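# Survey of secondary and tertiary structure
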Amino acid sequence: MSKIALVTGSNRGIGLELCAQLKQRDFDVIAACRQSSPALDALGVEVIESVEVSDLKSIAGLVAKLSDRHVDLNADIK
Ligand SMILES: NC(=O)c1ccc[n+]([C@@H]2O[C@H](COP(=O)([O-])OP(=O)(O)OC[C@H]3O[C@@H](n4cnc5c(N)ncnc54)[C@H](OP(=O)(O)O)[C@@H]3O)[C@@H](O)[C@H]2O)c1
């Protein structure tokens with residue numbers, strides 16, 4: 001079973017590149033961001049939008065969407 005990687009700030013910059021490289025390394029990538037981008041959509045990974053990392057309610061929403069999935073790698077890029 002693939003390992004799960006959670007990347008915040010995933011729509012551009014280093015976060016986007018991390019998503020691409022982790023996918024290449026066979027991680028199941030969960031890409032969290034405030035708003036997706038065409039480049040992120042093109043990767044074909046799971047995208048969770050409306051994740052504002054400075055807002056606790058937003059983080060709680062992300063946790064709820066992760067449900068009981070165990071995250072093996074968390075890359076917090078912002
Ligand atoms: N690029 C470099 O060479 C370099 C070198 C050393 C360190 N760093 C550090 O690494 C981090 C990422 O760099 P980068 O070049 O990828 O920066 P970037 O292109 O500016 O991307 C920043 C990412 O963080 C997201 N973000 C910012 N504030 C957020 C918030 N409150 N909630 C959710 N997402 C938020 C942005 O989302 P939005 O699109 O929604 O704004 C974007 O996806 C920065 O802290 C930077 O200082 C970068």
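All of these numbers come straight from a predicted model, not from anything done at the bench.

Below, the discussion takes up the confidence of the model for the chain. Any segment with low pLDDT has predicted coordinates that should not be analysed in fine detail. A residue-level look at the chain finds 99% of positions with pLDDT of 70 or above and a mean pLDDT of 94. Model confidence for the chain, summarised as mean pLDDT per element, is weakest for strand E4 (residues 73-76) at 81 and strongest for helix H2 (residues 38-43) at 98.

A few words on helix H1 (residues 13-24). Under the 1.5 Å per step criterion, the end-to-end length of H1 is 17 Å for twelve residues, consistent within 8% with the ideal 16 Å. The secondary structure elements touched by the buried residues of H1 are strand E1 (4-8), strand E2 (28-32), H2 and E4. One or two steps after H1, the chain reaches Asp26, where phi turns positive at roughly 70 degrees.

This paragraph deals with helix H3 (residues 56-66). Looking only at H3, the buried set comprises Ser58, Leu62 and Leu66. Buried residues in H3, looked at end-on, bunch into an arc of 85 degrees, giving them a common side. When the buried face of H3 is taken as reference, the exposed residues oriented beyond 90 degrees from it are Leu56, Lys57 and Ala64. Next to the buried residues of H3 lie E1, E2 and strand E3 (46-48).

Right, let's talk about the pairing of E2 for a bit. In terms of burial, E2 is a largely internal element, four of the five residues being buried. Relative to E2, E1 runs parallel, the two sharing four bridges. Across the sheet, Leu6 pairs through a bridge with Ile30, a residue of E2. Between the parallel pair E1 and E2, the chain is carried across by H1, and the sense of this crossover is right-handed. As paired strands, E2 and E3 are joined by three bridges and run parallel to one another. What sits directly across from Ile30, in E3, is Glu46. Traced from E2 through H2 to E3, the parallel crossover comes out right-handed.

About the thresholds
- By convention here, each chain's residues receive numbers from 1 onward along its written sequence.
- Confidence filtering applies because this is a predicted model: local features only for residues at pLDDT of at least 70, side-chain atom pairs given and counted only at 80 or more, and all residues used for totals across whole chains, interfaces and linings.
- With hydrogens and water stripped out, all remaining heavy atoms of the structure feed into the side-chain values.
- For every residue, the predictor reports its confidence as pLDDT, a number between 0 and 100.
- What counts as a helix is a DSSP run of H or I of at least four residues, what counts as a strand is a run of E of at least two, and both are numbered from the N terminus.
- Take the number of residues in a helix, subtract one, and multiply by 1.5 Å to get its expected span.
- It only takes one pair of heavy atoms within 4.5 Å for two residues to be counted as in contact.
- Under the scheme applied here, a residue whose accessible area is under 20% of the maximum for its type counts as buried, over 50% as exposed, and between as partly exposed, the area being computed with a 1.4 Å probe on protein chains only.
- Note that the arc is computed from the directions linking the helix axis to the C-beta atoms.
- By definition, two strands form a pair when at least two bridges between them are found by DSSP.
- Handedness of a crossover: with both strands directed away from the viewer, a clockwise path from the first strand across the helix to the second marks it as right-handed.

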